[in-house]
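Secondary and tertiary structure notes
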Amino acid sequence: MLKLFVPLALLAALVVGAVLSDGASKPADFTYINGSGTINTLDLQRMSWQPDLRAARMFFEGLTANDVFTWGYDVVPAVAESWEITDDGRTYTFHLREDAKWSNGAPVVAGDFVYSWRRALLPDIGSDYIAFFLLIEGAPEFYAWRQNAIDDYESRPESDRTQAAADALWEETQRRFEETVALKAIDDRTLTMTLSEPTPYWLDLCAFAVFYPVYPDLVSQYEKPAANTGRLDLRQGWTKPDRIVTNGAFMLTEWKFRRSMRGEKSPHYWNRDSISVDSIEMPVVDEPNAMILAFESGSVDFVTDVTVGYRADIYARKLAFYDENREQYEALKAEGLDPIEIDRRLPDDPRKNIHVFPAFATYWYNFNCLEKLPDGRSNPFHDPRVRRAFAMAVDKETLVREVKRTGEPVASTIIPPNSIGGYTSPAGLGYDPAAARRLLGEAGWPDPSQFPTVDILFNKDAGHDLIAQSVAKDWQRNLGVPISLAQKELKVYRNDLKKQNYMVSRAGWYADYGDPTTFLEINRSTDGNNDRKYNNPVYDDLLDQARVETDPAKRMALLSEAERIIMEEDLPMVPLYHYVTVYLFDPDEISGINPHARAMQQMYMIDVLGDGKGPDVPRTMPVLAPTLGEATP
């Protein structure tokens, strides 16, 4: 164990132990802290936060999956046992395996995917990832029709807005979907779809949680058209443990909101013989220091995201461990072993439990790009010159060296350099306070003291306050503008972010799939994750051109130009650094956690070594890993 704070470990054990034992019949085989710990929703089509997506991969499964123990995150069969793609790259036919079952024993059929993807395409749902589903031919037209139909319905006199009228609109919506959208269940085991243009990463998207199916017979009972609006009235009762029906490796057996969640191996899962743990517990531990103490006390086996203020000290301990074993470490690394396997082969030491990996992710500050702020004031950040000035006035090197101190690379682009084969990022903007001041003057602010007070929105914990203080000092020193820090609870922060109730806000993004568009699409004017409300038709057009470009090199060039626009000209956000992921787990006791930069952990791969369940042999990555997969030290 780390034993960083031994006197407090007993208290942590008591607190976490109380959570784990509350109502549980027996301890779970494997216990882990799932990021912030709080699961917001298990409604697949409405997810967007990492803890939710991580839980979704435990309880549900899509057509495909990613083999997270390959450096390319290879796409492998899941509910679909095979598929064909037409020569033009647009039509996909998936063949569902016969033994794919829901947790109630019912077969998973093609119509379940049609129902679930139709949900994602409804404006009623408000999916953050609707842009993915709009790639299907006819989907944009259906979405637009549904939105217009709802608007027309809501404009009717109240006397015309009856339950019968709302039901009729919903029946018409279903007919329109069948007629318009190129997504069809040919039979129970055959699903076909045609995309508007070739999408090289479509199979990767099908492995993403929002594409997983929900159980139609259950969910439809909780979604009825409302008479006053015509929209579906969405109720979440179907996600409760005593009702939810899932199709993944685990069934949800307990969910005590803000306390714990538990899953048990599903007896109906088609690949159940590969599962090496019978139960998994996810206690909610919100306080970052308590997460460390819970691990030290043995209450949890894995912490997925170490965010304590002394994280840099933890990182320093791991570096010191490698330094003390430098010769052996370098020899093992030269063999091409992955960093977790290297740790297993090094001498026994509690510092082996610390794991720091580069992540396929970026931390940035959003600029609100709307012309007006929510209170009606003119928004100075509507001017891209102002945004560029603020971007060039941040000393990122000092930020990562003196504030973060955990090896994060400075970011001048949103996409981590060298993270995608065949793609070259632009240079981005450097640190240039003098040029920033000139640019701010050109934008109409020769006297920076007259600039409106800049509110920086961020949520509590995870060191966001220290980052905000550092950035605020840079902007005050280099630009001379007044700054105010707006720290809020996570729920309030998220709500303000989505409603653009901010001037500047902290944000970050972990890639959903291995293509530049996983970062670039979130700045498309119509994307659900465009929290900046950035809108540039030239940028959107480049993304559109890339969608239909079949030459891989030309496609990547178009995407690189799109990134150049947002990173060198328009700056809807200022990238600060590329993330590293800090895990806590004992590599001698746990297998199934991978060191890949995409940081996707599949909990159904967990094997508690030496417990007599599963192979009890560590799972490792292939040798000769690429740069992004190497250990940070």
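Residues numbered from 1 in each chain as written. Predicted model: local features only at pLDDT ≥ 70, side-chain atom pairs only at ≥ 80, totals over all residues. Heavy atoms only, no water.

**A few points about the overall build of the protein**
The line we're drawing: Strands here are runs of E lasting at least two residues and helices are runs of H or I lasting at least four, both read from the DSSP assignment and numbered beginning at the N terminus. Note on method: radius of gyration uses C-alpha positions; expected globular size equals 2.2 Å times residues raised to 0.38. Only protein chains enter the accessibility calculation, which uses a 1.4 Å probe; a residue is then buried when its area is under 20% of its type maximum, exposed when over 50%, and partly exposed in between. Residue contacts are defined here by distance: any two heavy atoms, one from each residue, within 4.5 Å place the two residues in contact.
Helix and strand content of the protein: 20 helices and 20 strands. Relative to the globule expectation of 26 Å for 633 residues, the C-alpha radius of gyration of the protein, 25 Å, shows essentially globular dimensions. Dimensions of the protein, computed from C-alpha atoms along their principal axes, come out at roughly 70 × 70 × 50 Å. The buried share among the 633 residues of the protein stands at 58%. When contacts within the protein are restricted to residue pairs at least 6 apart in sequence, those whose partners lie at least 24 apart make up 71%.

**Considering the nonpolar core**
Worth spelling out the cut-off: The set of buried Ala, Val, Leu, Ile, Met, Phe, Trp, Tyr and Cys residues whose side-chain atoms join them within 4.5 Å is what this entry labels a nonpolar core.
Residues Phe59, Phe94, Trp117, Leu191, Trp202, Ile414 and Leu520 are the most contacted members of the largest nonpolar core, which totals 124 residues. The leading source of residues in this core is helix α20 (residues 552-569), at seven residues. What Ile414 contacts, discounting residues up to four positions off in sequence, is Thr362, Trp364, Phe519, Leu520, Ile522, Asn523, Glu563, Ile566, Met567, Met573 and His578. Grouped together as the second largest cluster of nonpolar side chains are 41 residues, Ala393, Ile456, Ile483 and Val504 included.

**Comments concerning the side chain of Ser470**
Mapped onto the elements, Ser470 comes out in helix α16 (residues 464-479). On the basis of relative accessible area, Ser470 is assigned to the buried category, the value being 15%. In this structure Ser470 touches Leu399 and Val403, once residues within four positions along its chain are discounted.

**Let's talk about the packing of aromatic side chains**
Test applied: Working definition: a ring pair exists when centres of Phe, Tyr or Trp rings (six-membered ring for Trp) sit within 6.5 Å. Plane angles under 30 degrees give stacked, over 60 give edge-to-face, the rest tilted. Whether a charge lies above a ring is judged from NZ of Lys or CZ of Arg, which has to be within 6 Å of the ring centre and within 35 degrees of the ring normal.
Per the stated rule, a full pass over the model turns up 43 aromatic pairs. Considering the side-chain rings of Tyr363 and Tyr365, the 6.4 Å spacing of their centres and the 40 degrees angle between planes classify their relative orientation as tilted. Positioned above the aromatic ring of Trp270, the side-chain terminus of Arg97 is 3.6 Å from the ring centre. The ring of Phe69 carries Arg619 above its face, with NZ or CZ at 5.5 Å from the centroid.

**Focus: the pairing of strand β1 (residues 30-33)**
Definition in use: Note on pairing: two strands pair once DSSP finds at least 2 bridges between them.
In β1, alternate side chains face the same way, and those of Phe30 and Tyr32 on one face and Thr31 and Ile33 on the other are all buried. Strand direction decides the pairing type here: β1 and strand β12 (residues 279-283), joined by two bridges, are parallel. In the sheet register, Thr31 faces β12, and the bridge partner there is Glu281. The sheet contact formed by β1 and strand β13 (residues 302-303) spans two bridges and is parallel. Paired with Tyr32 across the strands is Phe302, a residue of β13.

**Comments concerning the pairing of strand β6 (residues 183-187)**
Bridge count between β6 and strand β7 (residues 190-194): four bridges; the pairing is antiparallel. Residue pairing across strands places Ala185 opposite Leu191, the latter belonging to β7. Here β6 hands over to β7 after two residues, the two strands then running antiparallel side by side.

**Notes on empty space enclosed by the protein**
The cut-off we apply is this: In this analysis the probe radius is 1.4 Å and the grid spacing 1 Å, with only protein atoms considered; a cavity is a set of points the probe fits into but cannot get out of, a pocket is an open set with protein on both sides within 12 Å along at least five of seven lines, and lining residues have an atom within 4 Å of a point. Grid points are joined across faces, edges and corners, and a volume is the space filled by probe spheres set on the points. As a working rule, the residues Ala, Val, Leu, Ile, Met, Phe, Trp, Tyr, Cys and Pro are called nonpolar, Asp, Glu, Lys and Arg charged, and the rest polar, with Gly in that last group.
Throughout the structure, instances matching the rule amount to nine cavities of 30 Å³ or more. Every residue along the wall of the largest cavity is listed here: Gln50, Leu53, Arg57, Phe208, Tyr510, Ala511, Asp512, Arg598, Ala599 and Met600. For the lining of the largest cavity, the element with the most residues is helix α2 (residues 50-59), which contributes three residues. Here the lining of the largest cavity is composed, by residue class, of six nonpolar, one polar and three charged. Of the voids in this model, the second largest cavity is the one considered here, and its volume is about 70 Å³. Arg57, Phe60, Glu61, Tyr212 and Tyr604 are, among the 13 residues lining the second largest cavity, the residues nearest its centre.

**Focus on unusual backbone geometry**
At Arg405, a position not held by glycine, the phi torsion is positive, near 60 degrees. Tracing the chain through its elements places Arg405 in the loop between α14 (396-404) and α15 (433-442). For Arg405, a relative accessible area of 38% corresponds to the partly exposed category. Even without a glycine there, the phi angle at Asp616 is positive, about 55 degrees. Examined against the element boundaries, Asp616 turns out to sit in the segment after β20 (607-608).

**Looking at α15**
Threshold: The reported arc concerns the directions from the helix axis to the C-beta atoms and nothing else.
Among all positions of α15, only Pro433, Ala435, Ala436, Leu439 and Leu440 are buried. For α15, the buried positions fall inside an angular range of 155 degrees around the axis, keeping them on one side. Set apart from the buried face of α15 by more than 90 degrees, the exposed residues are Arg438 and Glu442. At its buried positions, α15 is contacted by α13 (384-392) and α16. Downstream of α15 by one or two residues, Gly444 has phi in the positive range, about 105 degrees.

**Examining the pattern of salt bridges**
Applicable threshold: Salt bridge, as used here: a side-chain nitrogen of Lys or Arg that lies within 4 Å of a carboxyl oxygen of Asp or Glu.
In this structure the tally under the stated criterion is 45 salt bridges. One salt bridge connects Glu324 with Arg351, and the closest N-O pair in it is separated by 2.7 Å. Of this pair, Glu324 sits in helix α10 (residues 311-324) while Arg351 is found in the loop between α12 (339-345) and β14 (354-367), placing the two residues 27 residues apart along the sequence. You can call Glu324 exposed: its relative accessible area is 54%.

**A short note on the sheet that holds β7**
Where we set the bar: Helix axes are fitted only over the stretch in contact, all axes being lines through C-alpha atoms; the angle between N-to-C directions runs from 0 to 180 degrees.
An order of β4-β5-β7-β6 is seen for the four strands of this open sheet, with the pairing classed as antiparallel. Either end of the sheet is taken by a strand with one partner, and the two such strands are β4 (80-85) and β6. Shown here is a sheet whose adjacent strand axes are inclined to one another by a mean of 20 degrees, direction ignored.

Note that all results are geometric; they support no functional claim without further evidence.
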